[in-house]
Amino acid sequence: MGLLQISEPGDSPEPHQRKLAVGIDLGTTHSLAATVRSGAAEVIADDEGRALLPSIVRYFPDGRVDVGYDARAAQAEDPANTIVSVKRFMGRGVADVAKYGALPYHFKDAPGMVSIETAAGPRSPVQVSAEILKVLRERSERALRGELFGAVVTVPAYFDDSQRQATKDAAKLAGLNVLRLLNEPTAAAIAYGLDHASEGTFAIFDLGGGTFDISILKLTRGVFEVLSTNGDSALGGDDFDQAVATHWRVGHRIADAKGGDTRRLLAAAREVKERLSFEEEAGVQVTLSYGQSLRLVLTRSEFEKITAGLVQRTLAPTRKALRDAKLEPADIDGVVLVGGATRMPHLQRAVEGHFGKPPLKDLDPDAVVALGAAIQANVLAGNRAAGDDWLLLDVIPLSLGLETMGGLVERVIPRNSTIPVARAQEFTTFKDGQSAMALHVVQGERELVADNRSLARFELRGIPPMVAGAARIQVTFQVDADGLLSVSAREATTGVESSIVVKPSYGLSDDEVARMLQESFSHAIEDRDARALAEQRVEAESLLAAIRAALDQDADLLGEDERADLDRRMAGLERAWNATDHRAIKAAIEALNRASEAFATRRMDRAVSGALAGRRLDEVASR
Amino acid sequence: MAYSEKVIDHYENPRNVGSFGKDDEGVATGMVGAPACGDVMKLQIKVNKDGIIEDAKFKTYGCGSAIASSSLVTEWVKGKTIDEAATIRNTQIAAELALPPVKIHCSILAEDAIKAAIADYRKKYGGGDIPAESKAAD
Amino acid sequence: MTPDFSRDHFELLGLAVRFAVDAARLERGYRDLQSQVHPDRFAAATEAERRVAMQWATRANEAYRTLRDPIERARYLLQLRGYDTEEESNTSMPADFLMQQMEWREAVDVARDAGDVSELERLRGDIRRSRDEMLVMLERALDADANFVAGCSLVRKLRFLEKLEAEIDSALELTEH
Ligand SMILES: Nc1ncnc2c1ncn2[C@@H]1O[C@H](COP(=O)(O)OP(=O)(O)O)[C@@H](O)[C@H]1O
Ligand code: FES
Ligand SMILES: [Mg+2]
């Protein structure tokens, strides 16, 4: 891995002013954290020098958890309590996880997403993921010697809204301030593009343990513009393991293996699969629970035959991504391989065949996503150095829409729209005097509601009585820079408003997250309060600092009264800071935020006007 | 269930698909297109000497609702006079097929197609109910 | 308080209000604006500033999306001039134009059923040529002649060609499997 030199050390803010920020790749198989130190991105290793953390969590009856290598070692011995590839269950219901075939867990259909019965009680995939993130947070704080200001957490580009929301909830639960959810291929492109100073159009092909992403990006003069993305959030190296295990099960007549034996077979399949990337033939000895000992062998050509269909499955999304970007394979300047599963030779051949050029693989496919996320985290935290002003423009992977009569989808925001994006759609009532209207938000590309993912249902109430067709109900979809959706609805003739952040149907409600957060803190109330106080104080400090900096620049934008009001709120927050009631600080923060809204708006208007005026001057000068 | 059964039936077994010779006796053609979706529809009527539409045919390049709408309209107009046929409204089509609101423009296309065919007929054969030429030939 | 969104898309991206745009300047204008307002610039700022940044970046994306696509740009420009393109309601197109559409659609169906890739690609070539000719006419109507009624009719026509291209794309997609 080359050094990702992104700034001269001298340009960076003084070390003590730097905010500690990390990038975290929360993978199906492995997770890891990285950070930018002295201008270069590097991975953060554990005490034994290992950067990768197996994404495996084991629960014990006393509530204790093992995360990582220890948990991995126990997967065959304690399969029901050792959760592997939990990323596949994020934001998913029982019907979804059934598609993965026999798994050694006891799933329970909870209202939001599945829940797994463990020795320590039911656990949501969000909680399981939070355990992994917590280990990485603690590791980072030890390595960087301080509390983290924030983190960029990566998600597969093809994750839908519920999967993204679940990931963000997990990060919050792990005590992380999420600066941004970043798409994994985009993160890889940042690391690759900055490292190689590349320009041109690139395809990032990312096949991990459980997900497949393909993104097409244009890299020009400091701008990373995602043109399109596609993928399959249920296709990865795990499926190759399943195919091999099934092959053996049939060949050796292993009757319905379950629990530990399933795990043993899958682990053996994975080992053989990984070795076949470098060897022509590989075999392992496996002892099953009822004492039978087997030698399981596979040649590379057999492996390629039984998994050819899986390799083919990556090509349809690849074609779609190219088509959406309005490009031909020959227009791609380079194909970057990311993810452990792209080490398979037949996969590399398929990619090369499709694009007509050998893929680029000089990056460590295991680390590149975390490194890119670290670079982005560093910039978002405000540690941007002079000359370090690249811009990232990403897209949403799947269209968003509403159910209309007859079970059809009315598309509101098409896939591959650059984010943030907002669109409004107008609807009307179809009955006289209708006072409420149900809205059903869905995500996907299919025509029928039933074939898409249901994100949320909500109701706009209090529509004043009117004749059918007279009401004008504007439904606005807003997707933020994390790719997360919020929906608001407004009756235009009367101004009745209703707004939700899309969560309920396939996610956790805010209350549930709050409750889990409470539970995850130490049980002592004093501890909980102390932690909340510390957090609120940090937030108060950064808010005050930001407003003081803004006043230094643009105080003239405020009228006398407005300035006095702002000063009063700032003084109020300082007073609250000195007291010890975290709730009072929180209230003062909110009050100051509200009081600064008009100021923020005017400052931005000034910045935009300045940019437009500057452009006009440039043009005059260049004539 | 997404589409109503009637839509599916007319979509899967569309009635009266095809065309007459453009210059055949008593034949008039209406051609329309919906810019909103880029779909096109051709609807032809064949009027006998008593001014009754004795046959109708259509060709639609469009969605299921548009195909169902035009199929339904060709069924409806048979046996009607020109003036009766001219009263068909898209709302009747939409109601009969239980079309969802996003598919209303597809039924508008069918209404406009029959209107256009009638206008063509009147242009060719005059405003009367009976083809002028057939009258002369009598 | 909402941000000042009174400027039109052209002004916001530093362009004259014309149909003909210089793609490089459009892109530059968009990037300059995004580099001022994008939420990534404000991730560590106050909540109020983060919200305003999101609104502005949304606005910048909307302007760029609209001006980058010729049909969208023409529709927007016509709207600024007070003309409605009536794409939802106006179904009467010239007979020869509709005839040509019927023929093309039929040819696409036949080629799709036969799995004839080269025929599909030939059709796509024809349709793109026709589209390019119409775009030239559109530029003349909007920028030289100020004939906005003709502009509206051309926008409606272009929608049919857009659909044809989409049909050909999905036919080609089918032949891949
Ligand atoms: N040498 C190899 N040959 C084939 N597959 C490999 C090899 N090394 C790792 N893998 C596979 O890559 C997948 C994990 O990739 P990774 O990028 O770590 O995934 P994730 O980001 O989803 O955690 C696993 O399925 C693993 O078996
Ligand atoms: S969508 Fe075009 S006619 Fe129905
Ligand atoms: Mg990965």
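Residues numbered from 1 in each chain as written. Chains lettered and ligands numbered in written order. Predicted model: local features only at pLDDT ≥ 70, side-chain atom pairs only at ≥ 80, totals over all residues. Heavy atoms only, no water.

### Remarks on the overall build of chain C
Broken down by element type, chain C carries seven helices and zero strands. The order of helices and strands in chain C, counted from the N terminus, is α-α-α-α-α-α-α. Here the C-alpha radius of gyration of chain C, 20 Å, is well above what a compact globule of 177 residues would show, namely 16 Å. Taken along its principal axes, the extent of the C-alpha atoms in chain C is 60 × 45 × 30 Å. For chain C, the proportion of its 177 residues judged to be buried stands at 50%. Within chain C, counting contacts between residues at least 6 apart in sequence, those at least 24 apart form 69% of the total. Within the structure as shown, chain C displays about 8100 Å² of accessible surface, and the carbon and sulfur contribution to it stands at 46%. (Helix = DSSP H or I, 4+ residues; strand = E, 2+ residues; numbered from the N terminus. Rg over C-alpha atoms; globule rule 2.2 N^0.38 Å. Buried < 20%, exposed > 50% of the residue type's maximum accessible area, 1.4 Å probe, protein only. Contact = heavy atoms within 4.5 Å. Areas by Shrake-Rupley, 256 points an atom, 1.4 Å probe, with all protein chains shown as cover.)

### Some remarks on the domain arrangement of chain C
Examined at the domain level, chain C breaks down into domain 1 (9-68) and domain 2 (95-176). Domain 1 of chain C and domain 2 of chain C are separated by 31 Å when their C-alpha centres are compared. (Domains from an automatic or database assignment.)

### Side note on the pairing of strand β21 (residues 408-413) of chain A
Residue and element names in this part refer to chain A. Counting buried positions along β21 gives five out of six residues, so the element sits mostly inside the fold. Direction of pairing for strand β20 (residues 400-404) relative to β21: antiparallel, over a ladder of five bridges. Opposite Thr 404, over in β21, you have Leu 408 as the bridge partner. (Pairing = 2+ DSSP bridges.)

### Considerations on the site of ligand 1
All names here are of chain A. Looking at ligand 1, there are 18 residues lining it, with Thr 29, Gly 209, Lys 273, Glu 274 and Ser 277 nearest. Gly 209 places a polar main-chain atom, nitrogen or oxygen, 2.8 Å from an oxygen atom of ligand 1. In the environment of ligand 1, an oxygen atom lies 2.8 Å from a nitrogen or oxygen atom belonging to the backbone of Gly 340. When ligand 1 is considered free in solution it has 570 Å² of accessible area, and contact with the protein chains removes 93% of it. Elements with a contribution of two residues or more to the shell around ligand 1: α6 (237-251) and α7 (260-275). In terms of residue count, α7 provides more of the shell around ligand 1 than any other element does, three residues in total. The residues that make up the shell around ligand 1 include at least three from each of domain 1 (1-192 + 364-386) and domain 2 (237-311). (Near = heavy atom within 4 Å. Polar contact = N/O pair within 3.5 Å; in protein donor to acceptor, adjacent residues only side chain to side chain.)

### Let's talk about the pattern of salt bridges
On inspection of all chains with the given rule, the structure shows 72 salt bridges over all chains. The salt bridge partner of B:Lys59 is C:Glu106, with a shortest N-O separation of 3.3 Å. Of this pair, B:Lys59 sits in strand β3 (residues 53-61) while C:Glu106 sits in helix α5 (residues 95-114), each in a different chain. By relative accessible area, which is 22% here, B:Lys59 ends up partly exposed. (Salt bridge = Lys/Arg side-chain N within 4 Å of Asp/Glu carboxyl O.)

### Regarding a negative patch on the surface
Where like charges cluster on the molecular surface, the negative patch consists of A:Glu328, A:Asp331, A:Asp333 and C:Glu121. Examined against the element boundaries, C:Glu121 turns out to sit in helix α6 (residues 117-144). Residue C:Glu121 is classed as partly exposed on the basis of its relative accessible area of 42%. (Patch = residues over 30% accessible without salt bridge, like charges linked within 9 Å, V, L, I, M, F, W, Y side chains within 5 Å. Lys, Arg positive; Asp, Glu negative; His and termini not counted. Charge placed at Lys NZ, Arg CZ, Asp CG, Glu CD.)

### Re the side chain of A:Thr82
Residues and elements named next belong to chain A. Considering the arrangement of structural elements, one finds Thr 82 in strand β7 (residues 82-84). A polar atom in the side chain of Thr 82 sits 2.7 Å from the backbone oxygen of Asp 78. When sequence neighbours within four positions are dropped, the list of residues in contact with Thr 82 reads Ile 56, Val 57, Arg 58, Ala 71, Ala 74, Gln 75 and Tyr 105.

### Concerning the pairing of strand β24 (residues 453-460) of chain A
Strand residues, when the strand is regular, have side chains that alternate between the two faces of the sheet. Residue and element names in this part refer to chain A. Burial of β24 is extensive: six of the eight residues sit out of reach of the surface. Bridge analysis of strand β23 (residues 437-443) against β24 gives seven bridges, and the strand direction is antiparallel. Counterpart to His 440 in the pairing with β24 is Arg 457.

### Concerning the interface of chain A and chain C
In this complex, chain A contributes 51 residues to the contact, which on the side of chain C involves 47 residues. Surface buried jointly by chain A and chain C totals about 4000 Å² across both partners, of which 53% is contributed by carbon and sulfur atoms. Linking chain A to chain C there are eight salt bridges. Between C:Arg51 and A:Glu597 there is a salt bridge whose closest N-O contact spans 3.3 Å. Run the count over chain A and chain C and you get 15 residue pairs in polar contact (both at pLDDT 80 or more). (Buried area = accessible area lost by both parts, 1.4 Å probe.)

### Description of helix α3 (residues 125-144) of chain A
Residues and elements named next belong to chain A. With 20 residues, α3 should cover 28 Å at 1.5 Å per step; its first-to-last C-alpha distance of 28 Å lies within 8% of that length. Across the 20 residues that make up α3, a large majority, 16, are buried. One or two steps after α3, the chain reaches Arg 145, where phi turns positive at roughly 55°. (Expected span 1.5 Å × (residues − 1).)

### Concerning the sheet that holds strand β19 (residues 391-393) of chain A
An order of β18-β13-β14-β15-β19 (chain A) is seen for the five strands of this open sheet, with the pairing classed as mixed. Edge positions in the sheet fall to β18 (334-338) and β19 of chain A, since each has one partner strand and no second. The mean angle between the axes of side-by-side strands here comes to 25°, regardless of whether they run parallel or antiparallel. On the sheet, helix α2 (residues 23-37) of chain C packs against β14 (212-220), β15 (223-232) and β19 of chain A and is oriented at approximately 110° with respect to β19(A). (Axes fitted to C-alpha atoms, helices over the stretch in contact; angles between N-to-C directions.)

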